Amino acid sequence: MILPITLKDSFGRTIRDLRISVTDRCNFRCFYCMPTEAMEWKPKAEILNYEEILRLSELFVSLGVNKLRVTGGEPMLRRDLESLIERLASIEGLADLAMTTNAHFLKTRARALKAAGLQRITVSLDSLEPERFALLTGRNELSTVLAGIDAAIEADLHPVKINCVSMRGINDDQFLKFAAFARERGAHVRFIEFMPLDNGKVWKREMVVTGEEVRAQIHAVYPLERVPSDNPSETARRWRFVDGAAGEIGFINPVSQPFCGACSRIRLTADGQLRTCLFSHVEHDIKQLLRRDAPIEELLDFILMTVEKKEERHHINDLEFVQPLRTMSCIGG
Ligand code: SF4
């Protein structure tokens, strides 16, 4: 079978980036993501094992995917995650291996993850004030998270990126604090516009703080200049400090400035479904093929056909928008 060099969808976009959710479980209870303690987790038998994740990752890399991102829930809740990282890192043709985490376990595991082959880390963090942090996450753990971020910086999982979901009336009084944090630690703080993917069904359009609003607020205190980018599918608009301070500020604006036109992403859920868009209403069950030991040709065909069906864009700004059933905690961003 002749393998196509790249994975292209019906809009001519090339898929280069596979996001792998390795668990739907999390130890935090962020109000917009996992609003209740009594979460119903997927049965273990439904969750892909490391062999299956590895096999699919190798297939995608053979089809031109060169970026893998490990996500959750909270990925470090999966036992022996470092062994999966090590095996993913050894896939030939892989250029970039990153992970998104709430950083709760990073203080003790950053070095081992780096040694296993992890290249970069993104930390989800919506507040730099302990009380507000506890309110938003249901956990009084800000100091642990900050220690984890410092451990990642020391372990050279750099640049450490911080994803802050900007929400009006929730954390819009802390943007300057995040900018100062970026300067102090040389971290790349990205502000993400709040998206309607929340389990708590709290999303309202008026809660969205646009990237431009945040940029103006920061620029007034810490002047910013645009960082040129040659990567059209990069989701963040990057800015640096005019005064040369370390760190960067990025804006991910899926609501006010959608970037679907150059989308290069596809997602694998912890229970073995392919999602061609964060806002997909359709999922593609590749686990059933794996579990009946389907031949490689059938798996490749399935991936090609799935990518063919990739949605053109999200419809957040359209009247007919319907929030997908699967929420962020089970997609992994
Ligand atoms: S909303 Fe869907 S199509 Fe748009 S950038 Fe995100 S994943 Fe890609």
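Cut-off values and rules
- Residues numbered from 1 in each chain as written.
- Predicted model: local features only at pLDDT ≥ 70, side-chain atom pairs only at ≥ 80, totals over all residues.
- Heavy atoms only, no water.
- Helix = DSSP H or I, 4+ residues; strand = E, 2+ residues; numbered from the N terminus.
- Rg over C-alpha atoms; globule rule 2.2 N^0.38 Å.
- Contact = heavy atoms within 4.5 Å.
- Expected span 1.5 Å × (residues − 1).
- Buried < 20%, exposed > 50% of the residue type's maximum accessible area, 1.4 Å probe, protein only.
- Pairing = 2+ DSSP bridges.
- Phe/Tyr/Trp six-rings, centres within 6.5 Å; stacked < 30°, edge-to-face > 60°.
- Lys NZ or Arg CZ within 6 Å of the ring centre and 35° of its normal.

Caption draft 1: Summary view of the overall build of the protein. Helix and strand counts for the protein come out as nine helices and 14 strands. Against the globule reference of 20 Å for 333 residues, the protein gives a C-alpha radius of gyration of 19 Å, in line with a compact fold. Projecting the C-alpha coordinates of the protein onto the three principal axes gives extents of approximately 60 × 45 × 40 Å. Partitioning the contacts of the protein with sequence separation of at least 6, the portion at a separation of at least 24 is 73%.

Caption draft 2: View of helix 5 (residues 142–154). Across its 13 residues, helix 5 extends 18 Å between first and last C-alpha, which sits within 8% of the 18 Å expected from 1.5 Å per residue. Considered for burial, the residues of helix 5 that qualify are Leu142, Val145, Leu146, Gly148, Ile149, Ala151 and Ala152. Elements in contact with the buried residues of helix 5: helix 3 (106–116), strand 6 (120–124), helix 4 (130–137), strand 7 (161–166) and helix 6 (175–185). In the segment just after helix 5, Asp156 is the residue with positive phi, at about 65°.

Caption draft 3: Broad picture of the pairing of strand 8 (residues 188–193). The buried fraction of strand 8 is high, at six of six residues. In strand 8, alternate side chains face the same way, and those of His188, Arg190 and Ile192 on one face and Val189, Phe191 and Glu193 on the other are all buried. For strand 7 and strand 8, the ladder comprises six bridges, and the chain directions are parallel. Residue pairing across strands places Asn163 opposite Arg190, the latter belonging to strand 8.

Caption draft 4: Here's a closer look at the environment of Glu320. Summarising the element assignment, Glu320 is placed in the segment after helix 9 (296–308). Taking the relative accessible area as the measure of exposure, Glu320 reaches 54% and is therefore exposed. Taking the C-alpha atoms as reference points, Glu320 and Ile296, separated by 24 residues in sequence, lie 39 Å from one another.

Caption draft 5: Expanded view of the environment of Ala115. Within the fold, Ala115 resides in helix 3. Residues Ala115 and Lys309, spaced 194 residues apart in sequence, show a C-alpha to C-alpha distance of 38 Å.

Caption draft 6: Representation of the packing of aromatic side chains within the structure. Throughout the structure, instances matching the rule amount to eight aromatic pairs. Seen from their ring centres, Phe31 and Tyr32 are 5.3 Å apart, and the 85° between their planes marks the pair as edge-to-face. Of the aromatic side chains, those joined through ring pairs into one cluster are Phe175, Phe178, Phe191 and Phe251. Over the face of the ring belonging to Trp239 we find Arg215, whose NZ or CZ atom lies 5.0 Å from the ring centre.

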